[in-house]
Structure formats: structure tokens, C-alpha cells
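# Close look at the chain arrangement
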Amino acid sequence: MLDHLVYAGPDLAEAVARVTALTGVTPVPGGRHVGLGTANHLADLGAGMYLEVVGPDPAQPAPAHRRPFGIDDLAGPALVAWAVRTTDIDATIARARARGFDPGDAVEMSRETAEGELLRWRLTPPSAPGSLRPFLIDWGTTPHPTTRDLPSLPLLMVTGTHPDPASVTTATDALGLEFLVRRAGTASLTAALRTPEGRQVALS
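Residues numbered from 1 in each chain as written. Predicted model: local features only at pLDDT ≥ 70, side-chain atom pairs only at ≥ 80, totals over all residues. Heavy atoms only, no water.

We now examine the overall build of the protein. Per the secondary structure count, the protein includes three helices and twelve strands. For a compact globule of 204 residues, the expected C-alpha radius of gyration is about 17 Å, and the protein comes in at 16 Å, within 12% of that figure. Here the C-alpha coordinates of the protein stretch approximately 40 × 35 × 30 Å along the principal axes. Burial status across the protein gives 50% buried among its 204 residues. Sequence separation of at least 24 residues holds for 63% of the intrachain contacts in the protein that already meet a minimum separation of 6. Total accessible area on the protein is roughly 9,500 Å²; 53% of this is exposed by carbon and sulfur atoms. Counting 17 positive and 22 negative side-chain charges, the protein places the centres of these two groups 4 Å from one another. (Helix = DSSP H or I, 4+ residues; strand = E, 2+ residues; numbered from the N terminus. Rg over C-alpha atoms; globule rule 2.2 N^0.38 Å. Buried < 20%, exposed > 50% of the residue type's maximum accessible area, 1.4 Å probe, protein only. Contact = heavy atoms within 4.5 Å. Areas by Shrake-Rupley, 256 points an atom, 1.4 Å probe, with all protein chains shown as cover. Lys, Arg positive; Asp, Glu negative; His and termini not counted. Charge placed at Lys NZ, Arg CZ, Asp CG, Glu CD.)

Written out as C-alpha cells, the structure reads:
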């Protein structure tokens, strides 16, 4: 199932402000990815899913390597990736490889919350920007972010466009997912969200 959507930008405060201006909902601070040079803010998408707004952490020095999700190359905030939750990431990787999609090897990750709590999980490397292929995440025994007090921003639908839709559906079919992707000149993700006033807006 969908775990979370990643809305990334070269300036974290600007990315959060864009979401707030569009939806009327302000994602709350999630925490810092120590060593990666990033931090995030979160909002609850409903049904155990959430929105991660991520960007450079002004409290950390610039990392020696490039930040994840192509953050260092983004001209502005954009919906850049999506994560699929699994409770057995090694078995899910093996099944996907047997079906023609290699998500990569799982690595350990962590984040320090605003309260100083260290959260740990495992994930596969996010795909290259523009691929639209999801990455996998396994929270293990760590409480899921949606168990915390997050502002509500219900997700209605996620769709994509890509110059080669088959390259995306190869991955989603291997993971047993249904995902609507249309052919277009550029790759993009779009999330339809419902605001507190009941309006439908598109985050892309």
C-alpha cells in the first residue's frame, strides 16, 4: 500500500509555504535526517498514509554528498517520489526481482524528531528523479508517523505522466500495485487532495 508521498524543494520553508497556500493546511515539523542535510514536515493523508515535505535543513552543514530526491537540482518544490509500505522488505524485494523489477537493496535509515526521539526504518533507494518508480519502506517496530498528531489533508488520488509509461508499470505490476500513468513528454506525479473546506486541489 502507499505509505507516503514526497514533496521536495531546494528551500524547506518555501515548500511548506506552497502546501499551506494551496491547501490551507500547514504540515508540522517531523524531524531531521542527521548526516543527509535534510529535514521534513508532515501531514496526514488518511488511511495510514502521509505527505512528507522535505528540503535542506538550515541547522545542518551541507553534506559531502548530494541530498536525496534530487533536492540539490530542483528549481522549486515538486512532488517527486512515492513510497510503498511493506512489513517484510527483504521478501518484497525478492518477489519484485522475480517479477522483473529490482528496487535495490534495503538500507537502514533514521530521523530525529523535534522532541529528540530517534526513529529507525529500512528502505530501498529512491529511484532517479523522473523515473516515477516507487521505493519500498519498512517501519519495523517503529511507530508509523501517522500515529502522531498530524494535520489532516485527505488524499483522493495519485496519478502520473511519463514518456515511457511501461517503464513505470513494470515496477508497479511487479509490486502488485494499481497506478494510473499516462503518456506525456515529461514525467510528473500529481496528488488530488481535499482541503478542510471540501475543495479538491492538485499538488504536483
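Resuming the write-up.
By the criterion of burial, strand 3 (residues 38-46) is predominantly enclosed, with eight of the nine residues buried. One ladder, built from five bridges, connects strand 2 (residues 28-33) with strand 3; its direction is antiparallel. Bridge assignment links Val28 to a residue of strand 3, and that residue is Leu42. Connecting the antiparallel pair strand 2 and strand 3 is a turn made up of four residues, with Gly35 showing a positive phi of about 95 degrees. Inspection of the sheet shows strand 3 paired to strand 4 (residues 49-56) by eight bridges, in the antiparallel sense. Residue Thr38 lies in a different strand from strand 4, and its bridge partner there is Pro56. (Pairing = 2+ DSSP bridges.)

What follows concerns the pairing of strand 8 (residues 135-138). With burial as the criterion, each face of strand 8 is covered, one bearing Phe135 and Ile137 and the other bearing Leu136 and Asp138. Across three bridges, the pairing between strand 5 (residues 78-85) and strand 8 is parallel. Within strand 8, the residue paired with Val84 across the bridge is Leu136.

Time to look at helix 3 (residues 165-174). Those residues of helix 3 that fall on the buried side of the exposure criterion are Pro165, Ser167, Val168, Ala171, Thr172 and Ala174. Among the structural elements, strand 5, helix 2 (89-98), strand 9 (155-162) and strand 10 (180-183) are those in contact with the buried residues of helix 3. With its phi angle positive at about 70 degrees, Gly176 sits one or two positions after the end of helix 3.

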